[in-house]
Amino acid sequence: MIAPWGGYAVYAVNRCNLHFQIAKQAASGKATPPALITWELEIDASSDRGADLGVVMGISAQAREGYDRLDAEKPPLVSSEIRVEIPHPEWNQGPCDGYHYDYRPAAGYLEWPLRVRQSDPASRGTLVLTPRGTLEAGQRAYLVDRKLGTAVELAGA
């Protein structure tokens, strides 16, 4: 259900008409069950003149390899000052190749690419990384900058 002033973005892959009507009750009466999240990392980016908040990557037993119901394309932002997204051009799910959410099933090794763009290179940008949940015993999560050859441990057991 779409709530007033909720801030929604709608796009169409092909030409179409979009109609809204007031729904009295959901057809099945059942909502989609919430995802069971084991571990996730939320990424907020900000700069002197803009922000991009709430990009999330994580692990869920309900996730599948590739695109699934837990993944979501990156909506358009109000400002183009700074943008963070998880690139997946290989998913071919619509006009965007950047994602706002990307959940995967647990595995021995997982890697999420991250694309960060800032329109003004002279502007100071900040990333805030917030891990939540628990990794399996012996697993660790790192933020790696291959260009600079650096890594920072984010979580681990």
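Values in this document were obtained by computation on a predicted structure and should not be read as measured data. (Residues numbered from 1 in each chain as written. Predicted model: local features only at pLDDT ≥ 70, side-chain atom pairs only at ≥ 80, totals over all residues. Heavy atoms only, no water.)

**A word on the overall build of the protein chain**
Turning to step 1, where the next piece is worked out: What the protein chain contains, in helices and strands, is zero helices and nine strands.
Turning to step 2, where the next piece is worked out: Mapped in sequence order, the helices and strands of the protein chain form the string β-β-β-β-β-β-β-β-β.
Turning to step 3, where the next piece is worked out: Residues counted as buried form 27% of the 157 residues belonging to the protein chain.
Turning to step 4, where the next piece is worked out: Residue pairs at least 24 apart in sequence account for 61% of intrachain contacts in the protein chain once pairs closer than 6 positions are excluded.
Turning to step 5, where the next piece is worked out: Carbon and sulfur atoms form 54% of the exposed surface of the protein chain, whose accessible area is close to 11,200 Å². (Helix = DSSP H or I, 4+ residues; strand = E, 2+ residues; numbered from the N terminus. Buried < 20%, exposed > 50% of the residue type's maximum accessible area, 1.4 Å probe, protein only. Contact = heavy atoms within 4.5 Å. Areas by Shrake-Rupley, 256 points an atom, 1.4 Å probe, with all protein chains shown as cover.)

**Some details on the environment of Val 128**
Turning to step 1, where the next piece is worked out: Of note, Val 128 is situated in strand 7 (residues 125–133).
Turning to step 2, where the next piece is worked out: Residues Val 128 and Ala 45, spaced 83 residues apart in sequence, show a C-alpha to C-alpha distance of 6.4 Å.
Turning to step 3, where the next piece is worked out: Sequence-distant contacts of Val 128, that is, excluding residues within four places in its chain, are made with Glu 42, Ile 43 and Asp 44.

**What about the pattern of salt bridges?**
Turning to step 1, where the next piece is worked out: Applying the stated rule across the entire model yields 12 salt bridges.
Turning to step 2, where the next piece is worked out: Residues Glu 85 and Arg 117 are paired through a salt bridge, measuring 3.2 Å at the closest nitrogen-oxygen approach. Linking Glu 85 in strand 4 (residues 82–87) with Arg 117 in strand 6 (residues 115–118), this pair joins segments that are 32 residues apart in sequence.
Turning to step 3, where the next piece is worked out: Overall, Arg 117 belongs to the partly exposed group, its relative accessible area being 43%.
Turning to step 4, where the next piece is worked out: Taken together, the shared-partner salt bridges connect Arg 83, Glu 85, Asp 97, Arg 115 and Arg 117 into one network. (Salt bridge = Lys/Arg side-chain N within 4 Å of Asp/Glu carboxyl O.)

**Quick notes on the pairing of strand 5 (residues 98–104)**
Turning to step 1, where the next piece is worked out: Burial within strand 5 is extensive, with six of its seven residues counted as buried.
Turning to step 2, where the next piece is worked out: Pairing geometry for strand 2 (residues 51–60) and strand 5, over four bridges, is parallel. Looking at the pairing, Met 57 lines up with Asp 102 of strand 5.
Turning to step 3, where the next piece is worked out: Pairing between strand 4 and strand 5: two bridges, direction antiparallel. Paired with Pro 87 across the strands is Gly 98, a residue of strand 5. (Pairing = 2+ DSSP bridges.)

**Some details on the environment of Gly 58**
Turning to step 1, where the next piece is worked out: Topologically, Gly 58 is positioned in strand 2.
Turning to step 2, where the next piece is worked out: Taking relative accessible area as the criterion, Gly 58 reaches 0% and is therefore assigned buried.
Turning to step 3, where the next piece is worked out: Placed 75 residues apart in sequence, Gly 58 and Gly 133 show a C-alpha to C-alpha distance of 9.4 Å.
Turning to step 4, where the next piece is worked out: Residues contacting Gly 58, with those up to four places away along its chain left out, are Trp 39, Glu 40, Asp 102, Tyr 103, Arg 104 and Trp 112.

**Comments concerning the side chain of Asp 52**
Turning to step 1, where the next piece is worked out: Mapped onto the elements, Asp 52 comes out in strand 2.
Turning to step 2, where the next piece is worked out: A distance of 2.6 Å separates the side chain of Asp 52 from the side chain of Lys 74, its partner in a polar contact.
Turning to step 3, where the next piece is worked out: Of the polar contacts made by the side chain of Asp 52, one reaches the backbone nitrogen of Val 84; its length is 2.7 Å.
Turning to step 4, where the next piece is worked out: Apart from the residues lying within four places of it in its own chain, the contact partners of Asp 52 are Ile 43, Asp 44, Ala 45, Lys 74, Leu 77, Ile 82, Arg 83 and Val 84. (Polar contact = N/O pair within 3.5 Å; in protein donor to acceptor, adjacent residues only side chain to side chain.)

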